[in-house]
Amino acid sequence: MNKAVFILFFLVYTAFSQDYGYDVYRQHCAGCHLKRLETGIDQSSLKAPPIDVITRQIKYFYRTKEKFTEYLVDYITDPSSEKSVCKPCIERWGVMPPLKELTDEEKQSVALWMYKNFR
């Protein structure tokens with residue numbers, strides 16, 4: 001019985017974190033980061049790299065969900081050019097400001113949402 005409760009809790013938590021991660025993105029990240037670079041968008045007007053580009057770069061260096069999430073939470077907390085896995089992004093847009101207003105749970109949720117929704 002305990003195993004079934006744990007599995008149910010895990011499934012509910014995963015579904016919640018997916019939706020919650022998207023909500024965190026919309027509220028705190030979407031002002032600068034598009035979800036995807038769509039055809040016809042004037043790239044010179046972008047304020048920051050799109051989320052799909054960022055995710056692809058991070059996954060190249062941090063392939064597991066755990067390493068990806070650990071890296072992204074750390075980067076969001078204390079961004080720096082030394083930590084960046086996308087040097088051309090830093091050259092073009094600079095280092096993003098730290099998002100100190102986000103809780104650890106919000107950072108984890110947005111990282112999981114990114115990992116699961118972008119290649």
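Calculation notes
- Residues numbered from 1 in each chain as written.
- Predicted model: local features only at pLDDT ≥ 70, side-chain atom pairs only at ≥ 80, totals over all residues.
- Heavy atoms only, no water.
- Core = buried A, V, L, I, M, F, W, Y, C linked by side-chain atoms within 4.5 Å.
- Buried < 20%, exposed > 50% of the residue type's maximum accessible area, 1.4 Å probe, protein only.
- Helix = DSSP H or I, 4+ residues; strand = E, 2+ residues; numbered from the N terminus.
- Contact = heavy atoms within 4.5 Å.
- 1 Å grid on protein atoms, 1.4 Å probe; cavity = no way out; pocket = protein on both sides within 12 Å on 5 of 7 lines; lining within 4 Å.
- Points joined across faces, edges and corners; volume = space filled by probe spheres on them.
- Nonpolar A, V, L, I, M, F, W, Y, C, P; charged D, E, K, R; others polar.

Engineer: Which parts of the structure should I look at to understand the nonpolar core?
Structural biologist: It is characteristic of soluble globular proteins that their nonpolar side chains tend to be buried jointly. Core analysis: the biggest nonpolar cluster contains 21 residues, and Ile51, Ile58, Leu72, Val110, Trp113 and Met114 have the highest contact counts within it. For this core, the secondary structure elements donating two or more residues are helix 1 (2-29), helix 2 (51-61), helix 3 (65-77) and helix 5 (104-117). Those residues within four positions of Ile51 in sequence are excluded, and the remaining contacts are Tyr25, His33, Leu34, Lys35, Trp113, Met114 and Phe118.

Engineer: Got a minute to help me understand the layout of surface pockets in this structure?
Structural biologist: Empty pockets left among the atoms are what a rolling probe the size of a water molecule brings to light. In this structure, the largest pocket encloses a volume near 530 Å³. As for the largest pocket, its lining consists of 29 residues, and the residues nearest its centre are His33, Pro49, Ile54, Tyr75 and Met96. Those elements giving two or more residues to the lining of the largest pocket turn out to be helix 1, helix 2, helix 3, helix 4 (87-93) and helix 5. Here the lining of the largest pocket gets five residues from one element, more than from any other, and that element is helix 2. Among the residues forming the lining of the largest pocket, the class breakdown is 23 nonpolar, five polar and one charged.

Don't take any of this as a statement about function, it's just geometry.
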